[in-house]
Amino acid sequence: MDFLMSGLAACGACLFTNPLEVVKTRMQLQGELQAPGTYQRHYRNVFHAFITIAKVDGLAALQKGLAPALLYQFLMNGIRLGTYGLAEAGGYLHTAEGTHSPARSAAAGALAGVMGAYLGSPIYMVKTHLQAQAASEIAVGHQYKHQIFPPQTWKVALAAAMVSGIAVVLAMTPFDVVSTRLYNQPTDAQGKGLMYRGLLDALLQTARTEGIFGMYKGIGASYFRLGPHTILSLFFWDQLRTLYYTYTK
């Protein structure tokens, strides 16, 4: 559970910080191996870079490399924080006397960080290549021509659904858990619930008794259901509309 929760939390943050990652990548590649004053500065500062990228490449360019960035954050932070959480839960961070060991904590943190960085490095490389891609007038660094998916394919829609699904499951899973329990609770002869008085009571009871993780039970299944369900619903809807208009004209 630590792996999943830490990975999803990092992905949620990435949705908001990825534009800054794009700007950082462009600014770090600007003037690569060139003496100051010998190259054109397309990006003068962070704010100018934001405006320039949005104006020339379009607003969507500020989220370039989002798919590998999300995967990178999920793997790196999931492994890093999840491994450390397992070490803590297993008691490996304490001495034989039961006291906390700073040395063991530092070692566990370093090992978890190395594992996450090692496994995430190839994905980070792809992310960097995509984020550096720019129109020729503001291009910096080497320009790779990677394209994750061809345009106008179901893969694009599926990727978009999976990305947006992160925000959806983080926001909606607590309510989904509570609704499941409200529907499933036993009732008296009048049909009144015996465990919860309503939505708010169910939320409060779950949070108090099971903690924050209890509010997110089943989040993995919810997430991996959401993407395919969304794309299949839209796909079938589009196909039915096409058939309808084909045979009614």
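Look up: the structure comes first, before these words.
Residues numbered from 1 in each chain as written. Predicted model: local features only at pLDDT ≥ 70, side-chain atom pairs only at ≥ 80, totals over all residues. Heavy atoms only, no water.

(A) Seen up close, the side chain of Gln-185. Along the chain, Gln-185 turns up in the loop between α5 (154–184) and α6 (199–214). In terms of polar contacts, Gln-185 uses its side chain to reach the backbone amide nitrogen of Met-195, at 3.0 Å. Sequence-distant contacts of Gln-185, defined by excluding residues within four places in its chain, comprise Gly-193, Leu-194, Met-195 and Tyr-196. (Helix = DSSP H or I, 4+ residues; strand = E, 2+ residues; numbered from the N terminus. Polar contact = N/O pair within 3.5 Å; in protein donor to acceptor, adjacent residues only side chain to side chain. Contact = heavy atoms within 4.5 Å.)

(B) Molecular detail of the nonpolar core. One finds Cys-14, Leu-66, Leu-70, Ile-166, Val-169 and Ile-219 to be the most contacted residues of the largest nonpolar core, which totals 18 residues. With 4 residues, helix α1 (residues 2–29) is the largest single contributor of residues to this core. Formed by 12 residues, the second largest nonpolar core is a distinct cluster that contains Tyr-43, Ala-49, Ile-53 and Ala-134. (Core = buried A, V, L, I, M, F, W, Y, C linked by side-chain atoms within 4.5 Å. Buried < 20%, exposed > 50% of the residue type's maximum accessible area, 1.4 Å probe, protein only.)

(C) Region of interest: helix α4 (residues 102–132). Along α4, the sharpest change in direction is near 50° and occurs at Ser-121; proline Pro-122 comes one to four residues later. Here α4 has its buried residues at Ser-105, Ala-108, Ala-112, Gly-116, Gly-120, Ile-123, Lys-127, His-129, Leu-130, Gln-131 and Ala-132. (Bend = angle between axes of the 7 residues up to and from the residue.)

(D) Structural view of the packing of aromatic side chains. This structure, assessed with the given rule, holds 1 aromatic pair. Over the aromatic face of Tyr-124 sits the side chain of Lys-127, whose NZ or CZ is 4.1 Å from the ring centroid. (Phe/Tyr/Trp six-rings, centres within 6.5 Å; stacked < 30°, edge-to-face > 60°. Lys NZ or Arg CZ within 6 Å of the ring centre and 35° of its normal.)

(E) Region of interest: the pattern of salt bridges. Overall, the coordinates contain 6 salt bridges when judged by the stated rule. In this structure, the salt-bridge partner of Lys-127 is Glu-21, at a minimum N-O distance of 3.0 Å. On the criterion of sequence distance, the pair formed by Lys-127 in helix α4 and Glu-21 in helix α1 is long-range, its members being 106 residues apart. A cluster of three or more residues bridged by salt bridges with shared partners is formed by Glu-21, Lys-24 and Lys-127. (Salt bridge = Lys/Arg side-chain N within 4 Å of Asp/Glu carboxyl O.)

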